[in-house]
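# Geometric and topological summary
As a plain string of letters, each chain reads:
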Amino acid sequence: MDRTVVAYVIYLLVSIALTVWVARTLSRNGRVFLADVLHGNEKLADAVNHLLVVGFYLVNLGFVALYLGDEETVTDTRGIFEALSTKLGVVLLVLGVMHLGNVYVLNRIRRRGVMEREQLPPVPPQGWAAPTAGA
């Protein structure tokens, strides 16, 4: 078997395994965060969590597939390691950026929800007062 094909197969296996591992970790640990962001609405948290995981898979696996090709032919074992380290390093960076982007957006949503909760008066208004002329 051609060494370039071996490098491609190893790259695909490791990239897909990393993507699945990161997605499962984010899904499992992000569910609690989403429930807080969505004010305890468990069904909505599960739905949003699932949609985020699907989007994560689509973006990352699409990137892995697009980044598969290489113009250079791998001629020796050292070339396999060099090609894999470059490709997997970029995949890991993309996974990290995607993770940080998700956390950033969710944190912004959460912060907005906390601010909205704090703006509600502790006691509902009991009446309306007309403005005075001197004020």
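Residues numbered from 1 in each chain as written. Predicted model: local features only at pLDDT ≥ 70, side-chain atom pairs only at ≥ 80, totals over all residues. Heavy atoms only, no water.

Looking only at helices and strands, one finds three helices and zero strands in the chain. The secondary structure elements of the chain, listed N-terminal to C-terminal, are α-α-α. On C-alpha atoms alone, the chain measures out to a radius of gyration of 24 Å, which is more than a quarter above the 14 Å that the 2.2 N^0.38 rule sets for 135 residues. Counting only residues that meet the buried cut, the chain has 21% of its 135 residues in that class. At a minimum sequence separation of 6, the contacts of the chain that also span at least 24 residues come to 75%. Surface exposure of the chain reaches about 9700 Å², of which carbon and sulfur atoms provide 66%. Between the centroid of the 12 positive side chains of the chain and the centroid of its 11 negative side chains there is a distance of 10 Å. (Helix = DSSP H or I, 4+ residues; strand = E, 2+ residues; numbered from the N terminus. Rg over C-alpha atoms; globule rule 2.2 N^0.38 Å. Buried < 20%, exposed > 50% of the residue type's maximum accessible area, 1.4 Å probe, protein only. Contact = heavy atoms within 4.5 Å. Areas by Shrake-Rupley, 256 points an atom, 1.4 Å probe, with all protein chains shown as cover. Lys, Arg positive; Asp, Glu negative; His and termini not counted. Charge placed at Lys NZ, Arg CZ, Asp CG, Glu CD.)

Using the criterion set out here, one finds three salt bridges in the structure. Glu-82 is paired through a salt bridge with Arg-78; the nearest N and O atoms lie 2.7 Å apart. With Glu-82 and Arg-78 both in helix α3 (residues 77-119) and four residues apart, this pair spans about one turn of that helix. Each of the salt bridges in this network shares a partner with another, and the network as a whole consists of Arg-31, Glu-42 and Asp-46. (Salt bridge = Lys/Arg side-chain N within 4 Å of Asp/Glu carboxyl O.)

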